[in-house]
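Fold and geometry: a report
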There are 2 protein chains.
Amino acid sequence: MEKEDEPKPDGARDKERPSRRAEILEQARTLFLDKGYAGTSMSALAKACGIQKASLYHHFPSKEALFVACVTEGYDVATRELRRIMNDDELTHEDRVRCALAEIYKITIDSHVGRMSPLIAEVSRQIPEVARAFHDGFIIQQHEIVNAIIDAGIKDGAFVPQDRLGMEHLIFGPIVTLSISRQMFTGLDTLETVFPVEQVRDSHCDLILQLLRKRP
Amino acid sequence: MEKEDEPKPDGARDKERPSRRAEILEQARTLFLDKGYAGTSMSALAKACGIQKASLYHHFPSKEALFVACVTEGYDVATRELRRIMNDDELTHEDRVRCALAEIYKITIDSHVGRMSPLIAEVSRQIPEVARAFHDGFIIQQHEIVNAIIDAGIKDGAFVPQDRLGMEHLIFGPIVTLSISRQMFTGLDTLETVFPVEQVRDSHCDLILQLLRKRP
DNA sequence: GTCTATACAAGGATAGAC
DNA sequence: GTCTATCCTTGTATAGAC
């Protein structure tokens, strides 16, 4: 159990060109998302990168280490915009909810990180550390930001308090499920009618705000 | 002594002895859910069944066919209770929603069929027919039943109409996500505090009914 | 850092005895 | 219907030349 990670790039200076390692990770993420962990071979990854299989082992000591790197890197970038929205004092509380939801839809459906749930489920027993990293580094971050946005609205009297746990699941549940459904049912002709992103998002947002708004 | 010439039940409707084939499917479902499709080998399955690998091929022509059988069989049983609730005229509309939600939580979190989403996502591109079967035979069935329950409530003036697509996602989203989260984060010590089934279910149900109930 | 070549295990699937 | 034995492919990973 020895860690053999490359030194992390602190700034712009690199003792090693980021190109190759970064490209391997990029291709790996795409393949893992498409074929699953066990379904992705190092040969297929090498071919996707245009190099030989053995060369992969110069950058990563094992397939498992490579996968861990895929899953644990890049969370900060994913939630950066969300943090900005949370602190944007020029937005009303309702608009902050709308913008945050739109951003979470974007992250969860479009980004590699957001689409990793089925992948994590596949390997969670085999490589428990990826579940922990995904949970602490990604899931919890998002939940905390959304909670902060709602708390601010309650504090200012714009929102009515609701059960916290239920609201979290009501907000994130439909988004995660939509993302996974779209992965499950890629290729079905009914995909865009049963799982259309914009339409679900807008309707979802309206219903959430119905619950948060003060009523006479 | 080992002759299994069972006295065939007259006029019975058993197309085939359930014993061996059924046991293989049962073990396969457990292994596929635990290790994924590519991560489950025919050798491991044979060992779990206590037979030799070659014997599996007497019952199923290939691993893929075996998997398809795992995914396509058993939907009727899963949604039977849900159908009963829909038609139970002794329940109020609110109670029908409560019972239906409780049943969907049970199906989605406890049953093999309900926990298959990550698995379907893994193989959907490789074996498209399983996605179709899962969608038509399971997902759509549940949605239609829930829609019927809500429609009945609207018709009787107990519920206020809400956007249909949004409500579907608001109802199923948190349940599916909870199921997958519990699969992803099995083993995390915070599992029961962040993803507790009963608590989420009750809170979820209350919020849904807030949206459906008529307000002054 | 990347290559060719290779070690060695495990994968899916088949043949044929019983 | 289950077994043993086997085929061939693919898997991860390593050795060593350049």
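Our structure is the block above this text.
Computed from a prediction, not measured in an experiment: that's the story for all the values here. Residue positions are given per chain, counted from 1 along the sequence in the order it is written. For this description, chains carry letters from A and ligands carry numbers from 1, given in the order in which they are written. Selection of residues for local features in this predicted model requires a pLDDT of at least 70, selection of side-chain atom pairs for listing and counting requires 80 or more, and totals for whole chains, interfaces and linings are taken over all residues. Derived side-chain values reflect all non-hydrogen atoms in the structure, with water molecules and hydrogen atoms excluded from consideration.

**Points about the overall build of chain A**
- Helix and strand content of chain A: 11 helices and 0 strands.
- Scanning chain A from its N terminus toward the C terminus, one meets helices and strands in the order α-α-α-α-α-α-α-α-α-α-α.
- In terms of overall dimensions, chain A has a C-alpha envelope of 70 × 45 × 30 Å along the principal axes.
- Sequence-distant contacts in chain A: of pairs separated by 6 or more residues, those separated by 24 or more amount to 69%.
- Here the open area of atoms and residues is found with the Shrake-Rupley method and a 1.4 Å probe, where only the protein chains shown may cover a residue. Of the roughly 10600 Å² of accessible surface on chain A, a fraction of 50% belongs to carbon and sulfur atoms.
- Each charge class in chain A was averaged separately, 28 positive and 34 negative side chains, and the resulting centres sit 2 Å apart. Only DSSP runs of H or I reaching four residues or more are called helices, and only runs of E reaching two or more are called strands; each is numbered from the N terminus. Only heavy atoms enter the contact rule, under which two residues are in contact if any of them lie within 4.5 Å. Note that His is not counted, nor are the chain ends; the positive residues are Lys and Arg, and the negative ones are Asp and Glu. For the purpose of locating charges, the reference atoms are NZ of Lys, CZ of Arg, CG of Asp and CD of Glu.

**Brief notes about the relation of the copies chain B and chain A**
- Each copy superposes on the other: chain B lies on chain A with an RMSD of 0.1 Å after a rotation of 180° and an axial shift of 0.0 Å. Such values leave the two copies arranged in the relation of a two-fold axis.
- A share of 98% of interface residues in chain B that are also interface residues in chain A marks the association as one of identical surfaces. We superpose the copies by least squares over the C-alpha atoms of residues that have a pLDDT of at least 70 in both of them.

**What to know about the protein's contact with DNA strand D**
- We call a residue near a molecule or strand as soon as one heavy atom of that residue lies within 4 Å of the molecule or strand. Around DNA strand D sit 17 residues, and of these A:M42, A:K53, B:R20, B:Q52 and B:H59 come closest.
- Near-protein atoms of DNA strand D (within 4 Å) split between backbone and bases, with sugar and phosphate holding 63%.
- Listed by contribution, the elements that provide at least two residues to the surface near DNA strand D are α2 (42-49) and α3 (53-59) of chain A together with α3 (53-59) of chain B.
- When residues in the surface near DNA strand D are grouped by element, the largest group, 4 residues, is from α3(B).
- Note on residue categories: nonpolar means Ala, Val, Leu, Ile, Met, Phe, Trp, Tyr, Cys or Pro, charged means Asp, Glu, Lys or Arg, and polar means any other residue, Gly included. Broken down by class, the residue content of the surface near DNA strand D amounts to 5 nonpolar, 8 polar and 4 charged.

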